[in-house]
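# Coordinates in review
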Amino acid sequence: MIASDSFKESLSSASIAEAAETGIKRLYPDTEISKFSVSDGGEGLTESIVSALGGQYVNMTVSDPLGRSINAVYGICSGTAVIEMAAASGLPLVAPQERNPMHTTTFGTGELIADAINKGCRKILLGMGGSATCDGGTGMLEALGWRFLDKNGNALHGIGGNLTAIATIDDSGVPDAVKETEFTVACDVRNPFSGPQGASYIFSPQKGANPQEVEQLDRGLTNFAAIIAGKYGTDITSMEGAGAAGGLGGACKAFLNATLKRGIEMVLDAINIDDAISDADLVITGEGKVDSQTPSGKTAAGVLGRCQKHGVPCVAIGGMVAMCDELLHAGFAGIFPILSRPCTLQEAMDESTAFENVARTALQIVSLFNAAHQ
């Protein structure tokens, strides 16, 4: 079985699986190979699940982080919608000179969710990561029917700069269908909603906020959390993961009763990968860079964990491998860099070169495995 994360800016997860199959069948044409596109819940989430479950893609026009119209894509698989918030609210959608989380919104993400619910989906898998926002999820919630009012009863648009002015939450216009929907959120960030380790102080500077704006955004998140606690009795201020995507994690938990999961675990559960692993003799996984961070919840570690559960050997491949104690003791049956010779980074990341390197490495892994089991 092949189940590797993408090698970013080089090969997609699906291309790696194809390359591995191509290489293995050069010498072992009768090998039965199952291929899965997997991701850690960030980029590639929708493709991973839609391709595994045979779903369909939905294209629609939504608001980008600054309210401009853009095209965004999400997936539907048997009544479950798969949405990457970055498709509508991601940092790459905003030019560097325009980035400022005081003004950006997750409204477009809410539009994607609302469309899926209107199409009959009652389960939402939401990937977080790479956001341009620090609006506490108010933009998304606004698109789903919530209203946020200032002390004079005026409606506030869901942007970071308005968080300090929120005095009241009005949920009278939220459709029953939203309340009936089950949300699972891919959340690998452990930061709380606000405070020194919260969404603003840790993440908003890279989204364009200056020191004064960082402080204001944190005050706004603190205010919003207090309003939420008063309204719903849920304190998300210090909740682990609530600071993900500019506070979107906390909003999903407090307003949508979402389940927060590690991204890779959400993906592997969604595509029912355990069934395929239990039938496999060998699993090849990997990612662009295999290093000390790999065992800490990244894609390859998630696949390894499932293999260990079923007693199936798991081998990792990487565009580069930084061997360390963490990797030595992680439990992989082997860890292989795919490069065959010294070359420039540009050469190594060339699509055709990387494809051939994966093909060759996968073949050698299977050859060694077969020799050991003769």
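Check the entry above for the structure.
Let us look at the structure shown here. (Residues numbered from 1 in each chain as written. Predicted model: local features only at pLDDT ≥ 70, side-chain atom pairs only at ≥ 80, totals over all residues. Heavy atoms only, no water.)

### Some words on the packing of helix α10 (residues 263-270) against helix α12 (residues 299-310)
Following both chains from N to C, one finds α10 and α12 inclined at 50°, their axes separated by 9 Å at the closest point. Viewed along their axes, α10 and α12 adopt a mutual orientation that is oblique. When the axes of α10 and α12 are compared, the crossing they make is right-handed. Between α10, through Ile 264, Glu 265, Leu 268 and Asp 269, and α12, the contact on the second element is made entirely by Thr 299, Gly 302, Val 303 and Arg 306. In terms of residue class, the contact of α10 with α12 is built from three nonpolar, two polar and three charged. (Axes fitted to C-alpha atoms, helices over the stretch in contact; angles between N-to-C directions. Helix = DSSP H or I, 4+ residues; strand = E, 2+ residues; numbered from the N terminus. Parallel < 35°, antiparallel > 145°, perpendicular 65-115°, else oblique. Left-handed = near helix turned anticlockwise from the far one by under 90°. Contact = heavy atoms within 4.5 Å. Nonpolar A, V, L, I, M, F, W, Y, C, P; charged D, E, K, R; others polar.)

### Some remarks on helix α4 (residues 107-118)
With twelve residues, α4 extends 16 Å between its outermost C-alpha atoms, agreeing within 8% with the 16 Å of an ideal straight helix rising 1.5 Å per residue. Along α4, nine of the twelve residues are buried, which leaves the element largely enclosed by surrounding structure. Residues Gly 108, Thr 109, Gly 110, Leu 112, Ile 113, Ala 114, Asp 115, Ala 116 and Ile 117 constitute the buried set of α4. Just beyond α4, the residue with positive phi is Gly 120, at close to 100°. (Expected span 1.5 Å × (residues − 1). Buried < 20%, exposed > 50% of the residue type's maximum accessible area, 1.4 Å probe, protein only.)

### Comments concerning unusual backbone geometry
The backbone of Ala 245 sits at a positive phi, close to 55°, despite the residue not being glycine. For Ala 245, the position within the fold is in helix α9 (residues 244-256). Exposure remark for Ala 245: the relative accessible area of 11% places this residue in the buried category. Its identity is not glycine, yet Asn 257 carries a phi of approximately 55°, on the positive side. Examined against the element boundaries, Asn 257 turns out to sit in the loop between α9 and β10 (259-261).

### Regarding the side chain of Ser 13
Following the sequence through the fold, Ser 13 ends up in helix α1 (residues 13-27). For Ser 13, a relative accessible area of 6% corresponds to the buried category. When sequence neighbours within four positions are dropped, the list of residues in contact with Ser 13 reads Ser 4, Asp 5, Ser 6, Phe 36, Ser 37 and Val 38.

### Remarks on the pairing of strand β6 (residues 123-127)
Among the five residues that make up β6, four are buried, leaving the element largely enclosed by the rest of the structure. Relative to β6, strand β5 (residues 80-84) is paired through five bridges, and the arrangement is parallel. Residue pairing across strands places Val 82 opposite Leu 125, the latter belonging to β6. Judged from the five bridges that link them, β6 and strand β9 (residues 182-186) form a sheet pairing that is parallel. From the neighbouring strand, Ile 124 faces β9, where its bridge partner is Phe 183. (Pairing = 2+ DSSP bridges.)

Read these as layout, nothing more, since geometry by itself doesn't imply function.
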